[in-house]
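What the coordinates show
Single-letter residue listing:
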Amino acid sequence: MGQNEWLNGYLEAILDAGKARDKADNKTLKNSIRKKLDGDEDDIVDGKLKFQTMEIVSKDKQDVKIFSPTKYFVEEVVNGFDEADLHRTWIKVIATRNYRLRNNRLENMCWRIWHLARKKKQIALDAAQKLVKWKIEREQGRSIAAEDLSELSEGEKEIKGGDSTYQTDSSHTHTHISRINSDAQIWSDDNTSRQLYIVLISLHGLVRGENMELGRDSDTGGQVKYIVELARALANTEGVHRVDLLTRQITSPEVDSTYGEPIEMLSGGSGAYIIRIPCGPPHSYVPKESLWPYIPEFVDGALSHIVNMARALGDNNGGKTVWPYVIHGHYADAGEVAARLSSVLNVPTVITGHSLGRNKLEQLLKQGRLSRADINTTYKIMRRIEAEELGLDTAEMVVTSTRQEIDEQWGLYDGFDIQLERKLRIRRRRGVSCLGRYMPRMVVIPPGMDFSSVTAQESSDADGDLKSLIGTDRIHKSPMPPIWSEIMRFFSNPHKPMILALSRPDPKKNVTTLLKAFGECQPLRELANLTLILGNRDNIEDMSNSSSSVFTTVLKLIDKYDLYGSVAYPKHHRQPEVPEIYRLAAKTKGVFINPALVEPFGLTLIEAAAYGLPIVATKNGGPVDIIKALNNGLLVDPHDEKAISDALLKLVADKNLWNDCRKNGLKNIHKFSWPEHCRNYLFHVEQCRNNHPTTSHLRVMPIPEEPLSESLRGVEDISFKFSVDVDVVKSNGEPDPASGQQKIVDILLAKANHKGKSMNHNYCPGRRQWLYVVAVDSYSSEGSPAEALPLIVKNIMQVAGSESSQIGFVLLTGLSLLETKEMLLRSNCQVKLEQFDALICSSGSEMFYPWKDLVADEDYESHIEYRWPGENVKSMLLRIAKIENKAENDDMQLSQSSPRCYSYSIKPGAQTQKIDDLRQRLRMRGMRCNLVYTHVASRLNVIPLFASRAQSLRYLSVSWNIELSKVIVFVGERGDTDYEELLGGLHKTVILRDCVEYGGSETNMHSEEGLKKEDDDIVAQDSSKIAVAEGFDVHCISKALGCFGIM
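Residues numbered from 1 in each chain as written. Predicted model: local features only at pLDDT ≥ 70, side-chain atom pairs only at ≥ 80, totals over all residues. Heavy atoms only, no water.

An unreviewed UniProt entry lists the protein under the name Sucrose-phosphate synthase, with Erythranthe guttata as the source organism. In its Subunit (unreviewed entry) section, the UniProt entry covering the protein states "Homodimer or homotetramer." Taken from UniProt, the Catalytic activity (unreviewed entry) comment for the protein reads in full: "beta-D-fructose 6-phosphate + UDP-alpha-D-glucose = sucrose 6(F)-phosphate + UDP + H(+)". (UniProt positions renumbered as here; feature names shortened; annotations may be inferred.)

Pasting the structure below:
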């Protein structure tokens, strides 16, 4: 019952909280407590009670944060005691109840907190059940894929291992590909004749080449340094002509003006540039969690830059367009950008996760501080995970830092299974069909390091110690770096060996456990000092909640263990001073430690080793591989305080061990140099390109001379005459000049067509200044095209009016070509197919040109063919689309089939799987497709991964030389399940109200347990590129276009 006394004390303290405040403040406090104790599920956070920091607002001072005793005591009760203890306390209060108001309040409060604790347990149980269900589904999918491959493999055993070529899929033949598993095979230095163009993408954070502000915020950390140094190193590698690092342009007054410069040439890297792409609010610094709605804008801006650069490089290469050798996305957001660019340009993609969403989600759920919903709201975690899955869909290769990252992190994803990947790789090597399945190749390439700041002094053993620089009376014998003085002022004895920890003030960096281990070990305290470099700060209260919490705990622990004079925690340091900090630790014969709970790689460990410091590191993650390679330190359990203190004491106390670790680190550090990294990287990229089409099917059309049809279209000068045998008269017998002109045009075009197909092949839609794209998904209740759709098309064309010769029209629809023809023939709006420059049908999987006799674009077909499983997905889809507890899937059947689109009809009222669920199940089986519900959810289109309506517009933009900012897309208020993709980007969007009477497809997009997209994750709410028309008549459309300054 001792714990119950503690509970009583906490509950009494809650009642006493705020007594000293004035009445108004006390009333606010009580209302807040009452609201929090009412038991709303919104206030339960996966087992933790959620409280907002209370604020007292006075007349003189606004928004002043104060300490909340209520928050503290209630959190202690809910998060620190078992449900049984809470229940016993409630019983005790009831048993001793009297009629005093105070005891009644105590009883009521205790019951409410007990109720919250019960909900906490239920939420934890629900989360565990969801995780188990997901794991079962994933294993089933992978087992089915393995069985399908194993069945075919039985017949392959008779094939001799010496044969180099085998029969494969009907459309592909693969030659023998050697395994990429030898570190000895690296990029040759004889590639001087090659002139490669490489694109790197790192979207978030503050990226610049000099004076990087690492640690300024959670978005500007090791990734920024890594990507800048990688760009420099690649540019300095033989065979690489240019490296562009694409990032976001930021012109906010909150940050330095250098982040607003469009182009920055990186020093020390000939041919390396930082290209800043405008994206999102131009005058705001947006954290990565809020960048998602601006991803399409960045894709379009990056696409424009790459195409312009490809043309410019081509001018110096005999006129042949030079496409990027590879597009490499870093982190989830840039991985999605790389995936979108790859599907437009057909260029190989590489991704690096740096840190992964699924792993972070698991860690946060285990901590129990936030519910899944709150994690998603705070970190947009499900949106991030979907971006990572999309990266896996399109990537040729995934660069990882360690084996642990592959096994324990990427292994959590639907789109990757290490066993299935190995089977598929073996089959490709043997030339055997993979049955439409694909897995990206995972390659371990440790990050490199720039050793330019490391002098020969670090490699010698004659460094001495601080006695050569500082006397016992603290008088400096020679000048010292300022950061040394800043650190040493904390120490009563600066000559002791220095234990150094350098990281962000993040809870997962586990600095508080290190401090506890140091405080609890008296021998270690007597022998060494501890230095904590935790970013930069001015005022702890101005830092983020997590960072300020870490610093507050650090200060409390220093006071608890009385570590004054033994622990340094300077407020500021500059990035160029970091090498001096390492040197100071080495001078004192100290040790570097990284005690993070999980460390994806551990670049600081390599840096410390380069300066001659032995290391102690977490056993979870990349440090395992680093210490194995360097042999210069010890691994510890980051949760074990005694293990941490013992490892530190062992290295500090044993000078022989310290010297051995130092020598080993300096001897083996070359394994992590940038030249070594780049040679391995380029070798692996070259090998992966063997699996990718070597020739891009995207043709960039030069700006053409105005075609004959465009020169004559819209001619109104009746004095314009030709000497041709054309007699056109009115009914009264008079000549009809206007009809005569049209007749002339028709005759000339007919003659051109009669001469051969050459004109059609070279033709492209003239000097178009704008593209009007009709993407309205308007259907009847049965799923057939609505009667209003042709009228909408006619009104949009009518708005163009006299400018029609400068405006091209594109129909973007989920209908097939046959359905599109029938729709226009049935209508009375007199809209002809010939009035369109392009028809993009079947949800973006087919592209036809009416001016080429409706011939399909063969280049586009070849472009989207990549990774299309074809016939292999037909039967698979019916199996995975079956609703649970149903013997057969009789609600869905294949109704239409084309080479790149399978359309399945769905019975009215039938229960169907969500797009998220279908895509997940296909990924688990190694199949990569796009799926779209269309025709008011009465049809499911299965199309290639690279095909979509949004991507087809980007394809046309590049091939027709039309800027996306000159494209206007007309949509309804709702539509097919790909409707969301049409809202974002540089193009302008007009939403036509009241043009879509029946919906339903959009409700089949997201599963209950899958990706939850908020409105502001799709498109920015304040977007200036979206206008709303109150109707679809000519007046309403013209008024909406006026918002863009067009009409």
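Next comes the rest of the write-up.
With that settled, the discussion passes to the overall build of the protein. Helix and strand counts for the protein stand at 35 helices and 30 strands. Scored against the burial criterion, the 1047 residues of the protein give a buried share of 56%. A fraction of 73% describes how many contacts in the protein between residues 6 or more apart in sequence connect residues 24 or more apart. Per element, the accessible surface of the protein, about 46,500 Å² overall, is 49% carbon and sulfur. (Helix = DSSP H or I, 4+ residues; strand = E, 2+ residues; numbered from the N terminus. Buried < 20%, exposed > 50% of the residue type's maximum accessible area, 1.4 Å probe, protein only. Contact = heavy atoms within 4.5 Å. Areas by Shrake-Rupley, 256 points an atom, 1.4 Å probe, with all protein chains shown as cover.)

Moving on to helix α8 (residues 331-345). With 15 residues, α8 extends 21 Å from end C-alpha to end C-alpha; this agrees with the ideal 21 Å at 1.5 Å per step. Burial within α8 is extensive, with 14 of its 15 residues counted as buried. N346 occupies a position one or two residues after α8 and carries a positive phi of about 60°. (Expected span 1.5 Å × (residues − 1).)

Next up on the list: the sheet that holds strand β10 (residues 349-352). Across the sheet, which stays open at both edges, the 8 strands sit in the order β7-β8-β6-β5-β9-β10-β11-β12 with mixed pairing between neighbours. Each end of this open sheet is capped by a strand with a single partner; those strands are β7 (263-265) and β12 (441-444). Ignoring which end each strand starts from, the neighbouring axes of this sheet average 25° apart. Pairing of strand β6 (residues 240-249) with strand β8 (residues 272-278), which is carried by 7 bridges, proceeds in the parallel orientation. (Pairing = 2+ DSSP bridges. Axes fitted to C-alpha atoms, helices over the stretch in contact; angles between N-to-C directions.)

The next point concerns the side chain of D976. Relative to the assigned elements, D976 resides in the loop between β28 (967-971) and β29 (988-992). The side chain of D976 is buried and forms no salt bridge, while R949, the nearest opposite charge, is found at 4.0 Å. In this structure, D976 is in contact with D777, Y779, G814, V932, Y933, T934, H935, R949 and S1001, ignoring residues within four places of it in sequence. (Lys, Arg positive; Asp, Glu negative; His and termini not counted. Salt bridge = Lys/Arg side-chain N within 4 Å of Asp/Glu carboxyl O.)

Let us look at the environment of A332. Within the secondary structure, A332 is located in helix α8. Note on A332: relative accessible area 2%, which makes it buried. A C-alpha to C-alpha distance of 5.2 Å links A332 and E388, two positions 56 residues apart in sequence. In this structure A332 touches W292, R384, A387 and E388, once residues within four positions along its chain are discounted.

Let us look at the packing of helix α22 (residues 641-653) against helix α23 (residues 655-668). The axes of two packed helices give the description: the angle between them and the distance between them. With their axes 5 Å apart at the nearest point, α22 and α23 run at an angle of 90° to one another. With respect to each other, α22 and α23 are oriented roughly perpendicular. Seen from α22, the contacting residues are K650, L651, V652 and A653; seen from α23, they are K655, L657, W658 and C661. The residue makeup of the contact of α22 with α23, split by class, is 6 nonpolar, no polar and 2 charged. (Parallel < 35°, antiparallel > 145°, perpendicular 65-115°, else oblique. Nonpolar A, V, L, I, M, F, W, Y, C, P; charged D, E, K, R; others polar.)

We now examine the pairing of strand β17 (residues 615-618). Summarising the sheet, strand β16 (residues 591-594) and β17 pair through 3 bridges and their orientation is parallel. Note on β17: the bridge partner recorded for F592 is I615. The pairing of β17 with strand β18 (residues 633-636) spans 4 bridges and is classified as parallel. The partner of A617 across the bridge, within β18, is L635.

Attention shifts here to the packing of α8 against helix α11 (residues 381-394). Where α8 contacts α11, the two axes come as close as 8 Å, and the packing angle between them is 40°. It follows from the interaxial angle that α8 and α11 lie oblique. Considering the relative orientation of α8 and α11, their crossing is left-handed. Taking contact as the criterion, the partners of Y331, A332, G335, E336, A339 and R340 in α8 are, on α11, R383, R384, A387, E388, L390, G391 and T394. Its residues assigned to classes, the contact of α8 with α11 comprises 5 nonpolar, 3 polar and 5 charged. (Left-handed = near helix turned anticlockwise from the far one by under 90°.)

On to the packing of aromatic side chains. This structure, assessed with the given rule, holds 13 aromatic pairs. Taken together, the ring pairs connect Y582, F592 and Y611 into an aromatic cluster. Over the face of the ring belonging to Y273 we find R242, whose NZ or CZ atom lies 4.1 Å from the ring centre. A cation over an aromatic ring shows up here: R867 above the ring of Y438, its NZ or CZ 3.5 Å from the ring centre. (Phe/Tyr/Trp six-rings, centres within 6.5 Å; stacked < 30°, edge-to-face > 60°. Lys NZ or Arg CZ within 6 Å of the ring centre and 35° of its normal.)

Inspection of the entire model under this criterion finds 38 salt bridges. A salt bridge links E1030 to R993; the nearest nitrogen and oxygen atoms lie 3.0 Å apart. You can see E1030 sitting in the loop between β30 (1026-1029) and α35 (1034-1042) and its partner R993 sitting in the loop between β29 and α34 (1015-1018), a full 37 residues away along the chain. When salt bridges with common partners are traced through the structure, they connect E386, D393, D916, R919, R923 and R928 into a single cluster.

Another aspect to go through is unusual backbone geometry. Its identity as a non-glycine residue notwithstanding, Y331 has a phi of 80°, on the positive side. According to the relative accessible area criterion, Y331 is buried, its value standing at 7%. With a phi angle near 55°, H935 is a residue other than glycine that sits in the positive phi range. Tracing the backbone through its elements, the reader meets H935 in the loop between β26 (929-934) and β27 (939-944). Judged by relative accessible area, which is 2%, H935 ranks as buried.

On to helix α33 (residues 949-959). Counting buried residues in α33 gives 11 out of 11 residues, a clear majority hidden from the surface. Within α33, burial applies to R949, A950, Q951, S952, L953, R954, Y955, L956, S957, V958 and S959. Directly beyond the C-terminal end of α33, a positive phi value near 60° is found at N961.

This part is about the nonpolar core. Ranked by size, the top nonpolar core spans 73 residues in total, and within it I201, F298, I327, L341 and L345 carry the most contacts. Formed jointly, this core draws a minimum of three residues from each of two domains, domain 2 (196-212 + 219-444) and domain 4 (772-867 + 946-1043). Those residues within four positions of F298 in sequence are excluded, and the remaining contacts are I201, L203, L246, T247, R248, I277, C279 and V337. Grouped together as the second largest cluster of nonpolar side chains are 71 residues, M543, F601, L605 and L648 included. (Core = buried A, V, L, I, M, F, W, Y, C linked by side-chain atoms within 4.5 Å. Domains from an automatic or database assignment.)

Another aspect to go through is the sheet that holds β18. Spatially, the 6 strands line up as an open sheet ordered β15-β14-β13-β16-β17-β18, and their pairing is parallel. Looking along the sheet, the strands with just one partner apiece sit at the ends: β15 (567-568) and β18. In the packing of α22 onto the sheet, contacts are made with β13 (498-502), β16, β17 and β18, and the angle to β18 comes to roughly 170°.

This paragraph deals with the environment of L657. Among the secondary structure elements, L657 is positioned in helix α23. Considering only alpha carbons, one finds L657 and G633, 24 residues apart in sequence, at a separation of 9.2 Å. Filtering out sequence-adjacent residues up to four positions away, L657 remains in contact with K650 and L651.

Turning our eyes to something else, we now look at the confidence of the model for the protein. When pLDDT is averaged along the protein, the result is 79, and 72% of the positions lie at 70 or above. Note that pLDDT drops below 50 for residues 17-30; the model gives that stretch 13 contacts with residues more than four away or on any other chain. Predicted confidence is poor over residues 754-763, with pLDDT under 50, and the contacts of this stretch with residues over four places away or in other chains come to 13 contacts. (pLDDT = per-residue confidence, 0-100.)

Here we take up the environment of S781. With respect to the element layout, S781 can be found in the loop between β19 (770-774) and α28 (788-800). Under the relative-accessibility criterion, S781 is labelled partly exposed at 42%. Residues S781 and Y998, spaced 217 residues apart in sequence, show a C-alpha to C-alpha distance of 6.0 Å. With near-sequence residues (within four places) excluded, S781 lies in contact with V936 and Y998. A distance of 3.1 Å separates a polar atom in the side chain of S781 from a polar atom in the side chain of E782. (Polar contact = N/O pair within 3.5 Å; in protein donor to acceptor, adjacent residues only side chain to side chain.)

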